[in-house]
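# Summary of structural features
Each chain, letter by letter, is given below.
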Amino acid sequence: MKAVYSGLSLHHAKAAPFKELIQDLLRTPEVLGLDNYDQHLNTSRLQHSLNVAYYAYLISKNMDVNHKDLVRGALLHDLFLYDWREVNASAQEHLHLHPRVALDNAKKITEVSEVMEDVIVNHMWPLGNAKPKTKEAWIVQASDKLCTVFEISYQSLQALRHPQLSGMMLSLLFVLR
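Conventions and cut-offs
- Residues numbered from 1 in each chain as written.
- Predicted model: local features only at pLDDT ≥ 70, side-chain atom pairs only at ≥ 80, totals over all residues.
- Heavy atoms only, no water.
- Helix = DSSP H or I, 4+ residues; strand = E, 2+ residues; numbered from the N terminus.
- Axes fitted to C-alpha atoms, helices over the stretch in contact; angles between N-to-C directions.
- Parallel < 35°, antiparallel > 145°, perpendicular 65-115°, else oblique.
- Left-handed = near helix turned anticlockwise from the far one by under 90°.
- Contact = heavy atoms within 4.5 Å.
- Nonpolar A, V, L, I, M, F, W, Y, C, P; charged D, E, K, R; others polar.
- Patch = residues over 30% accessible without salt bridge, like charges linked within 9 Å, V, L, I, M, F, W, Y side chains within 5 Å.
- Areas by Shrake-Rupley, 256 points an atom, 1.4 Å probe, with all protein chains shown as cover.
- Salt bridge = Lys/Arg side-chain N within 4 Å of Asp/Glu carboxyl O.
- Phe/Tyr/Trp six-rings, centres within 6.5 Å; stacked < 30°, edge-to-face > 60°.
- Buried < 20%, exposed > 50% of the residue type's maximum accessible area, 1.4 Å probe, protein only.
- Lys NZ or Arg CZ within 6 Å of the ring centre and 35° of its normal.

Let us look at unusual backbone geometry. With glycine set apart, most residues show a phi of negative sign, and most peptide bonds adopt trans. Here the amide bond leading from tryptophan 125 into proline 126 is cis, since omega sits at 10°, within 30 degrees of zero. Of note, proline 126 is situated in the loop between α6 (114-121) and α7 (135-161).

With that settled, the discussion passes to the packing of helix α3 (residues 45-60) against helix α4 (residues 67-76). Contact geometry of α3 with α4 gives a least axis separation of 7 Å together with a crossing angle of 155°. Our classification of the angle between α3 and α4 gives roughly antiparallel. For the pair α3 and α4, the sense of crossing is right-handed. Where α3 approaches α4, its residues Ser49, Leu50, Val52, Ala53, Ala56, Tyr57 and Ser60 are matched on the opposing element by His67, Leu70, Val71, Ala74 and Leu75. When its residues are assigned to classes, the contact of α3 with α4 shows nine nonpolar, three polar and no charged.

We now examine a nonpolar patch on the surface. A grouping of Ile59, Met63 and Leu146 is seen on the molecular surface, where their side chains present a nonpolar patch of about 230 Å² in accessible area. Within the fold, methionine 63 resides in the loop between α3 and α4.

The next subject is the packing of aromatic side chains. All told, the structure shown has five aromatic pairs when counted by the stated rule. When the ring of phenylalanine 18 is compared with that of tyrosine 54, the centres are 5.3 Å apart and the planes differ by 80°; the resulting orientation is edge-to-face. With phenylalanine 18 in helix α1 (residues 16-20) and tyrosine 54 in helix α3, the pair connects residues that are 36 residues apart, well separated along the chain. Seen in terms of ring centroids, tyrosine 54 and tyrosine 55 are 5.6 Å apart; in terms of plane orientation they differ by 75°. Their pairing is edge-to-face. Pair check on accessibility: tyrosine 54 and tyrosine 55 agree, each one buried. Counting every residue linked through ring pairs, the aromatic cluster contains Phe18, Tyr54, Tyr55, Tyr57 and Phe150. The positively charged end of arginine 45 is found above the aromatic ring belonging to phenylalanine 80, 3.8 Å away from the centroid.

By themselves, these observations are geometric and do not establish any function.
As structure tokens, then:
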């Protein structure tokens, strides 16, 4: 497995410092269960969470931040095990609800620090009302938006290479506007 647009597998020795921060979480049924839910188009929620954690790690690598809490919070930022499109919540309600659900779920599988809580609860800013307080949360919310663009653009480019899918993907881009 690797992050979108990254040439480095998470199994590569160079990725070891990153992977060590989340190895225990990657063994939990809750985190592994994220692979059963789509996040952006065909990107699974697990892949999206790994993307966000990996790029937040790369962005912050040379900064004075708590890397462990940043990466762990980033991996758990969307830890809700349901398809929000199938529950009786509007997209607007989900926007405000899912960070709290993710925080509650994270607390069930690991100790959650104040930094991790800030990362998880405030990752939807500026779409949500909650504004990040820590440097770590600011980095993760930016990485979350960056990875959303990466995931959608990667799949759009893949579709353009397969003409039978390109019409569908272009239609989705117009709908997502």
